[in-house]
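# A structural walkthrough
Residues per chain are reported as follows:
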Amino acid sequence: MQRRSRGIHAGLILLLSQIFHVGISNIPPVTLATLALNIWLFLNPLKPLFESCLSVEKCYQQKDWQRLLLSPLHHADDWHLYFNMVSMLWKGINLERRLGSRWFAYIIVTFSVLTGVVYLFLEFTLAEFMGEPGFRRNCAVGFSGVLFALKVLNNHYCPGGLANILGFPVPNRFACWAELVAIHFISPGTSFAGHLAGILVGLMYTHGPLKKIMEKCAGISSSNMHYPGQQYPFNSSGYSRYQDDYPYGRPGYSEDVPRNYDAYTAGLSEEEQLERALRASLWDRVCVGDSHFGE
């Protein structure tokens, strides 16, 4: 199945507008590279969607393992790309400044692969336990599984406060689960397993052994692990990150970065932008989350 041809990619135009409002010089390098790579592959896909989407049948049974790398970097349409990359923009700026570019790049690569692996495990398990072979053929593309994992990290580092999920206040520690349900309530065609896989990978990092395994593979011990807070130049109209819903009020933390977010968020929180993007997507009959392609 090919991406549907459209005369004007409104989602892509809106995404580029927000990136330039933030200022390219204000976006850390790994976040910027991730945005650029996803946009480039949307305009110049390496393979058609049905040859890059991830499924048990194609990846595991037919040994097409390259789909683990291709699927997170391909999107079904411009609104799918828009929602994922706007979310990546604010999460990336926030987390990359905290963790440093090298470690954040390591996280992005690791999460991209592991989210796919966990997704395959979930779909395989559902197919076996429910006796429904259709789960083996569910094929998903998109970066949103990785974004759910990054959301877990962001909430872990900034646990206080409330998130606004489609108009309802939700404690940050439950925000991922609320978003998981909200997205599939509004747009049931999205990949529930793909998003759930991202949450599970994020929890493996924050509460499981994944972080220590990554440190060991990188030759870093927990005792001397240090994430340098990187400083990036800001222009006169710039700001460092997308608006979030949780204050930094951590002991010993000082915020010295301009926080004028309204210029490129239109005063909207991430969840409000999600709701707007979902509505626009549904109006245009396109998918916002990880898309399923039946065969």
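Each value, and the rule that gives it
- Residues numbered from 1 in each chain as written.
- Predicted model: local features only at pLDDT ≥ 70, side-chain atom pairs only at ≥ 80, totals over all residues.
- Heavy atoms only, no water.
- Axes fitted to C-alpha atoms, helices over the stretch in contact; angles between N-to-C directions.
- Helix = DSSP H or I, 4+ residues; strand = E, 2+ residues; numbered from the N terminus.
- Parallel < 35°, antiparallel > 145°, perpendicular 65-115°, else oblique.
- Left-handed = near helix turned anticlockwise from the far one by under 90°.
- Contact = heavy atoms within 4.5 Å.
- Nonpolar A, V, L, I, M, F, W, Y, C, P; charged D, E, K, R; others polar.
- Expected span 1.5 Å × (residues − 1).
- UniProt positions renumbered as here; feature names shortened; annotations may be inferred.
- Disulfide = S-S within 2.5 Å.
- Buried < 20%, exposed > 50% of the residue type's maximum accessible area, 1.4 Å probe, protein only.
- pLDDT = per-residue confidence, 0-100.
- Pairing = 2+ DSSP bridges.
- Phe/Tyr/Trp six-rings, centres within 6.5 Å; stacked < 30°, edge-to-face > 60°.
- Core = buried A, V, L, I, M, F, W, Y, C linked by side-chain atoms within 4.5 Å.
- Salt bridge = Lys/Arg side-chain N within 4 Å of Asp/Glu carboxyl O.

For the rest of this paragraph, the subject is the packing of helix α7 (residues 101–130) against helix α12 (residues 210–217). α12 packs onto α7 with a crossing angle of 120° between their chain directions and a minimal axis gap of 12 Å. When the interaxial angle is binned, α7 and α12 end up oblique. The handedness of the crossing between α7 and α12 comes out as right-handed. On the side of α7, the interface is formed by Trp-103, Tyr-106, Ile-107, Thr-110, Phe-111 and Leu-114, while α12 contributes Leu-210, Met-214, Glu-215 and Cys-217. Looking at the contact of α7 with α12, its residues break down into 8 nonpolar, 1 polar and 1 charged.

This part covers α7. For α7, with 30 residues, the first-to-last C-alpha span of 42 Å sits near the 44 Å given by 1.5 Å per residue. Remark: Gly-131 follows α7 within two positions and exhibits a positive phi of approximately 60°.

Sequence positions flagged by UniProt for "transmembrane region" (unreviewed entry) are, in local numbering, residues 103–122 and 181–206. For residues 181–206, the end-to-end C-alpha separation is 21 Å, with 81% helix and 0% strand making up the annotated structure.

Our focus in this paragraph is the state of the cysteines. According to the stated counting rule, one finds 1 disulfide in the structure shown. Here Cys-53 engages in a disulfide with Cys-139; their sulfurs sit 2.0 Å apart. Taking the sign of the S-S torsion, about 90° here, the bridge from Cys-53 to Cys-139 comes out right-handed. One end of the pair, Cys-53, is in the loop between α3 (49–52) and α4 (56–61); the other, Cys-139, is in the loop between α8 (134–137) and β1 (140–141), with 86 residues separating them in the sequence. Each member of the pair, Cys-53 together with Cys-139, is buried. Cysteine Cys-59 shares no disulfide, and the gap to the nearest cysteine sulfur, in Cys-139, comes to 9.4 Å. Classification of Cys-59 as buried rests on a relative accessible area of 0%.

In this section: the confidence of the model for the chain. The predicted model of the chain averages 78 in pLDDT, with 72% of residues at 70 or higher. Model confidence for the chain, summarised as mean pLDDT per element, is weakest for helix α13 (residues 262–265) at 36 and strongest for helix α2 (residues 29–43) at 96. Of the regions scoring below 50 in pLDDT, residues 230–268 engages in 96 contacts with residues more than four places distant in sequence or in other chains. Low pLDDT, under 50, characterises residues 277–295; the stretch is placed with 65 contacts to residues that sit more than four places away or in other chains.

What you see with strand β2 (residues 162–165) is a clean split: Ala-163 and Ile-165 sit on the buried side and Leu-162 and Asn-164 on the side with no burial. As paired elements, β2 and strand β3 (residues 168–171) share 4 bridges and run antiparallel to each other. Residue pairing in the sheet places Leu-162 in a bridge with Pro-171 of β3. The turn joining β2 and β3, which pair antiparallel and follow one another in sequence, is formed by 2 residues; a positive phi near 55° is taken by Leu-166.

Taken as a whole, this structure holds 5 aromatic pairs when the rule is applied. Geometrically, the ring pair formed by Phe-111 and Tyr-205 is edge-to-face, given 5.8 Å between the ring centres and 80° between the ring planes. Taken as a pair, Phe-111 in helix α7 and Tyr-205 in helix α11 (residues 192–206) lie far apart in primary sequence, 94 residues in all. Accessibility expressed as a relative area gives 0% for Phe-111, which makes it buried. Relative accessible area serves as the criterion here: at 3%, Tyr-205 is assigned to the buried category. Grouping aromatic residues by their ring pairs yields a cluster made of Tyr-60, Trp-65 and Phe-124.

Note that soluble globular proteins tend to have their nonpolar side chains buried in a common cluster. Core analysis: the largest hydrophobic core is formed by 54 residues, its most contacted members being Leu-15, Met-88, Ile-107, Phe-111, Leu-150 and Tyr-205. Ranked by residues supplied to this core, first place goes to helix α6 (residues 78–99) with 10 residues. Residue contacts for Leu-15: discarding those within four places in its chain leaves Ile-39, Leu-81, Tyr-82, Met-85 and Val-86.

For the rest of this paragraph, the subject is the environment of Thr-34. Note that Thr-34 resides in helix α2. For Thr-34, the residues in contact, after removing those within four places along its chain, are Met-85, Met-88, Ile-108 and Phe-143.

Applying the stated criterion across every chain, the model contains 3 salt bridges. We note a salt bridge from Glu-179 to Lys-151, for which the minimum N-O separation is 3.2 Å. Of the two residues, Glu-179 sits in helix α10 (residues 175–186) while Lys-151 sits in helix α9 (residues 144–157), which places them 28 residues apart along the sequence. Accessibility expressed as a relative area gives 5% for Glu-179, which makes it buried.

This next bit is on the side chain of Ser-55. Examined against the element boundaries, Ser-55 turns out to sit in the loop between α3 and α4. In this structure Ser-55 comes out as buried when scored by relative accessible area, which is 0%. Sequence-distant contacts of Ser-55, that is, excluding residues within four places in its chain, are made with Tyr-60, Leu-120, Arg-136, Arg-137, Asn-138 and Cys-139.

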